[in-house]
Amino acid sequence: MLIWVPTLACLSLIVYLLVQHASVSKDASGKRLALLVGARRAWGDSDASLRQRSIDLSRWPYKENAPEFVWWARLWRRIWR
């Protein structure tokens, strides 16, 4: 009877880890493009902003856009000003 408890715990842990791994987004194209063109993520920069800045940097002539920050980063900057 005691062997079933660790076995059940181990199986439930494996199932939990597989479900967590499957729920992670597989789309890393924005991050790869940013790495390729040299765009760096600013603190609080949104994923859409990083993707757009990377696309702009990958085209000729280069166009430099300012990062768009998420709401908590904008609030944090206002607090510290």
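Residues numbered from 1 in each chain as written. Predicted model: local features only at pLDDT ≥ 70, side-chain atom pairs only at ≥ 80, totals over all residues. Heavy atoms only, no water.

1. Details of the overall build of the protein
From N to C terminus, the protein includes four helices and zero strands. Mapped from its N terminus to its C terminus, the protein presents α and β elements in the order α-α-α-α. Within the protein, the proportion of its 81 residues that are buried is 17%. Counted over contacts in the protein with a minimum sequence separation of 6, partners at least 24 positions apart contribute 31%. (Helix = DSSP H or I, 4+ residues; strand = E, 2+ residues; numbered from the N terminus. Buried < 20%, exposed > 50% of the residue type's maximum accessible area, 1.4 Å probe, protein only. Contact = heavy atoms within 4.5 Å.)

2. Observations regarding the confidence of the model for the protein
Confidence along the protein averages 76 in pLDDT terms, with 80% of residues attaining 70 or more. Per-element confidence in the protein ranges from a low mean pLDDT of 76 for helix H4 (residues 71-80) to a high of 82 for helix H1 (residues 4-23). (pLDDT = per-residue confidence, 0-100.)

3. Overview of the packing of helix H2 (residues 29-37) against helix H3 (residues 47-58)
The N-to-C vectors of H2 and H3 enclose an angle of 40°; their axes lie 9 Å apart at closest approach. Put simply, H2 runs oblique to H3. In this structure, the crossing between H2 and H3 has a hand that is left-handed. Contacts between H2 and H3 involve Gly 30, Leu 33, Ala 34 and Val 37 on the former and, on the latter, Leu 50, Arg 51, Ser 54, Ile 55, Leu 57 and Ser 58. Across the contact of H2 with H3, the residue classes break down as six nonpolar, three polar and one charged. (Axes fitted to C-alpha atoms, helices over the stretch in contact; angles between N-to-C directions. Parallel < 35°, antiparallel > 145°, perpendicular 65-115°, else oblique. Left-handed = near helix turned anticlockwise from the far one by under 90°. Nonpolar A, V, L, I, M, F, W, Y, C, P; charged D, E, K, R; others polar.)

4. Quick notes on the environment of Asp 56
Inspection of the secondary structure puts Asp 56 in helix H3. C-alpha of Asp 56 to C-alpha of Val 37: the two residues are 19 residues apart in sequence and 9.6 Å apart in space.

5. Quick look at H3
In a regular helix each residue adds 1.5 Å, so twelve residues correspond to 16 Å; H3 covers 16 Å between its end C-alpha atoms and thus fits that length. Those residues of H3 that are buried are in contact with H2. (Expected span 1.5 Å × (residues − 1).)

6. Quick word on the environment of Leu 33
Among the structural elements, Leu 33 can be located in helix H2. Among the residues examined, Leu 33 registers a relative accessible area of 24% and is labelled partly exposed. For the pair Leu 33 and Arg 53, spaced 20 residues apart in the sequence, the C-alpha separation amounts to 9.9 Å. Other than its neighbours up to four places away in sequence, Leu 33 contacts Ser 54, Ile 55 and Ser 58.

7. Section: a positive patch on the surface
Residues Arg 74, Arg 77, Arg 78 and Arg 81 make up a contiguous surface patch of positive charge. Inspection of the secondary structure puts Arg 74 in helix H4. For Arg 74, a relative accessible area of 41% gives the class partly exposed. (Patch = residues over 30% accessible without salt bridge, like charges linked within 9 Å, V, L, I, M, F, W, Y side chains within 5 Å. Areas by Shrake-Rupley, 256 points an atom, 1.4 Å probe, with all protein chains shown as cover. Salt bridge = Lys/Arg side-chain N within 4 Å of Asp/Glu carboxyl O. Lys, Arg positive; Asp, Glu negative; His and termini not counted. Charge placed at Lys NZ, Arg CZ, Asp CG, Glu CD.)

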